Each structure stands twice: as C-alpha cells, then as structure tokens.
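The chain contents come next:
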Amino acid sequence: MKGEVFMKLRLRSAAALAIFLLISFPPANAWNSIGHMAVAYTAWQQLTPATRQRAIVLLEKNPNYNKWLSYIPAGTSDDDRNLYVFMMAATWPDEIKAQDSGYQLDGDIPPRTAEATNNSGFSDKYMHKYWHFVDVPFSTDGTALPSIPTPNAQTQITAFRQALASNASDDVKAYDLVWILHLVGDVHQPLHCAERITAADHRGDGGGNSVKLTNDPGDLHGYWDNLLGIGETKNYQVAVTAAKQLPEADSAASDANEADWVQESFHLAQTDVYVAPVGPALGPYTLDASYGSKALAIAQQRVALAGARLANLLNTDLK
C-alpha cells in the first residue's frame, strides 16, 4: 500500500517520476535540495543581468564554490554554469548541517547568546538550524500556545535583506546571499511555518516531524519536503526538470513582505496539511492518492511563488 501511494504521487509529475526512478537519497531538513534548487532556477529566470552578475561575484566567495564547479561538465556555457552555481548555492545552509562540514551544531532552539543573531560572514561556524523555520503555533483542542522563538526564518530574512541593501562587506553579503536563497524557499514550505500544539504534545510536533506516516520518508514534514523530488546538490539537472514543470506564479508574487509569506504557509498548514487522513494525534497515518495529488500541486505553486519573490527581492535589495 505504501509503495502504491508513493507511486501515485510521483506519477503526477514527469519530473518527480524521473527523480523517483533514478535517485534514492535521504531527505534534507527543508524543501530538499531539489526543491531549493527549483526555487533558485525559477528566480534566476527573472533576475536582471546586473543582479545575476552581482550574485555570481558574491557566490565565488563561498567556501563550496569550487565544489559546485566540479559538478558542472566541461564545455558548459558561461551562462549555464552561472545558473547552476546559483541553484546549488541555495542548498548551502543545508550542506553545512552535515556532520563532517566543520560547522558547530547549535540545535533547533535559538541559544541566548550572541551567535544566535551573529552576521559576520563566513567566519561564523555555527549551523544555525533554528534559522530554517518559524514555529508559529496553533491548536485544535484549546491547548495554550507557546511564544514563537526568535531568531527564526522570518527575522533572518529581514536581517539579511537589509544587509544586502547596505554598505556591508562583500564577505557578509556573500554569506547572507546564500542564506536568503535558502530561507525564502523554506518559508514557502507550510511545515516550516507552523507547529501543532496538543494536550498530549504541549511542546509541539516540530512542524510535523513528530507526525509519523506509513508513507516514505516516514514523517509528515519529510513528506512535504520531498514533494518536488529527491536528490543531492550535484543532481541540479533533476531540479531543472522539476522547475520546468512549475506553474506560473500568481499575482501574489508582488508581495514583498516576508511576514505575509510566513502567514500564507501557516494558513496552508492548517487548511491543507493537517487534514484527513492526517488525524489529531502523532499517527502513524497513511496518506492516500488524493492527499498526495493536492499536496504536490500546492508544493509546486509554493515553489513557483518563492522563486518569483526571491527574484523580486534580489533585484530590489542586492547592492
């Protein structure tokens, strides 16, 4: 049954089907690499030439720049090479969460110390896992709601876009750029902007991470992360294929307020994520083809919207 539901979901998209057939990698903690690169691909198509050039100058300062280049075949045109680097850069904040990355784990809860909001460029060696989401709480059983931890994805988008528009050093802007590429994608994933609080789990379900499924990859958060497909940073061509399947972003793309983006995702979590066959407890639940079809359509819409908004942000704020 699990394999049947999974295949029905993947068959809804030619891009996703190719990913499922060819690649099998563990999920990442966000839209996975394919989703984030699809956001970046979509944004690149809408960047001005000057913004593209400025972005590449900054990305050349990234510690992983040469690794990204090594994934691109010799003979690739300059324009395509720059596109692929821009796409791969969107995965960098997830790449530094690897155990062998050299970055220090500081947990999912923001520490009450200076590094929580530090913005010093690549000298910062913390993973900042708590920057990837904003746990806006809700409850369906009247359980008291906790406060929203800060800093979080929303506060960091605000801080980084201000820095990109300022006279900050290029080292700081290069660091902030890869975070912006990533976080704009993150806040368009509904479960990066919501956390269900219940009497049985008053500390929250971690944006669906604690809600177990019989479907791959076994939890609700991971299921939504993987809707655009599964793959690593070096599989950027899979992301290109997935991005070409996306719908056009609607008129909401002109909304430049990151707080609105978070509220949209928060609303979708309640109306379209935590719905049957997902029940009120922690599962396990089995998601059916109807749920999967609707989820994929929402994910594609959100990624398209994230790409358009990311382009608008960079065209406006990247100096």
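Procedures and definitions
- Residues numbered from 1 in each chain as written.
- Predicted model: local features only at pLDDT ≥ 70, side-chain atom pairs only at ≥ 80, totals over all residues.
- Heavy atoms only, no water.
- 1 Å grid on protein atoms, 1.4 Å probe; cavity = no way out; pocket = protein on both sides within 12 Å on 5 of 7 lines; lining within 4 Å.
- Points joined across faces, edges and corners; volume = space filled by probe spheres on them.
- Nonpolar A, V, L, I, M, F, W, Y, C, P; charged D, E, K, R; others polar.
- Core = buried A, V, L, I, M, F, W, Y, C linked by side-chain atoms within 4.5 Å.
- Buried < 20%, exposed > 50% of the residue type's maximum accessible area, 1.4 Å probe, protein only.
- Helix = DSSP H or I, 4+ residues; strand = E, 2+ residues; numbered from the N terminus.
- Contact = heavy atoms within 4.5 Å.
- pLDDT = per-residue confidence, 0-100.
- Expected span 1.5 Å × (residues − 1).
- Phe/Tyr/Trp six-rings, centres within 6.5 Å; stacked < 30°, edge-to-face > 60°.
- Axes fitted to C-alpha atoms, helices over the stretch in contact; angles between N-to-C directions.
- Parallel < 35°, antiparallel > 145°, perpendicular 65-115°, else oblique.
- Left-handed = near helix turned anticlockwise from the far one by under 90°.

1. Topic: empty space enclosed by the protein
One pass over the full model with this rule turns up two cavities of 30 Å³ or more. Its volume calculated, the largest cavity comes out at about 40 Å³. Forming the boundary of the largest cavity are D108, P110, Y130, F133, V134, D135, P149, P151 and N152. Grouping the amino acids of the lining of the largest cavity by side-chain chemistry returns six nonpolar, one polar and two charged.

2. Remarks on the nonpolar core
In terms of nonpolar packing, the biggest core is built from 90 residues, with F86, M87, L220, W224 and L314 touching the most fellow members. In terms of residue count, helix α13 (residues 289–317) provides more of this core than any other element does, 12 residues in total. Residues in contact with W224, not counting those within four places in the same chain, are W31, Q189, P190, L191, D272, V273, Y291, A295 and I298.

3. Focus on the confidence of the model for the protein chain
Considering every residue of the protein chain, the mean pLDDT works out to 91; 91% of them sit at 70 or more. The low-confidence segment residues 1–29, where pLDDT is below 50, has 56 contacts with residues more than four positions distant or belonging to other chains.

4. Overview of helix α9 (residues 170–186)
With 17 residues, α9 should cover 24 Å at 1.5 Å per step; its first-to-last C-alpha distance of 24 Å lies within 8% of that length. The element α9 is extensively covered by neighbouring structure, given that 15 of its 17 residues are classed as buried.

5. Overview of the side chain of R161
Within the secondary structure layout, R161 lies in helix α8 (residues 153–164). Residues contacting R161, with those up to four places away along its chain left out, are I180, A256, E258, W261, L313 and D317.

6. Some points on the layout of surface pockets
Taking a probe equal in size to a water molecule and rolling it over the atoms shows the remaining empty space. Within this model, the largest pocket holds a volume of roughly 830 Å³. Surrounding the largest pocket, 32 residues form its lining, D108, I109, F133, D135 and E195 being those nearest its centre. Ranked by residues supplied to the lining of the largest pocket, first place goes to helix α10 (residues 220–225) with three residues. Residues belonging to the lining of the largest pocket are distributed by class as follows: nine nonpolar, 13 polar and 10 charged.

7. Some points on the packing of aromatic side chains
For any pair of aromatic rings, the description consists of the separation of the ring centres together with the inter-plane angle of the planes. As enumerated under the stated definition, the model contains 15 aromatic pairs in all. Three or more aromatic residues joined by ring pairs form one cluster here, namely W92, Y103, F122, Y130, W131, F160, Y175 and W179.

8. Focus: the packing of helix α6 (residues 78–89) against helix α11 (residues 236–243)
Running from amino to carboxyl end, α6 crosses α11 at an angle of 90°, the nearest separation of the two axes being 10 Å. For the element pair α6 / α11, the angle class is roughly perpendicular. Touching Y84, M87 and M88 of α6 are Y236, Q237, A239 and V240, all from α11. Taken together, the residues that form the contact of α6 with α11 break down as six nonpolar, one polar and no charged.

9. Some remarks on the environment of V136
Along the chain, V136 falls in the loop between α7 (92–95) and β1 (137–138). In this structure V136 comes out as buried when scored by relative accessible area, which is 9%. Distance in space between the C-alpha atoms of V136 and A194 is 4.7 Å, their sequence separation being 58 residues. Residues in contact with V136, not counting those within four places in the same chain, are I148, C193, A194, E195, V262 and F266.

10. Overview of unusual backbone geometry
Cis geometry is adopted by the peptide bond preceding P217, which originates at D216 and carries an omega value of 5°. Mapped onto the elements of the fold, P217 is located in the loop between β2 (195–196) and α10.

11. Some details on the packing of helix α3 (residues 33–44) against α6
Across the interface, α3 lies against α6 with an axial gap of 8 Å and an inter-helix angle of 135°. It follows that α3 is oblique to α6 by the angle criterion. Pair α3 / α6 crosses with right-handed handedness. Counted together, M37, A40, Y41, A43 and W44 of α3 and D79, N82, L83, F86, M87 and M88 of α6 form the full contact between these two elements. Taken together, the residues that form the contact of α3 with α6 break down as nine nonpolar, one polar and one charged.

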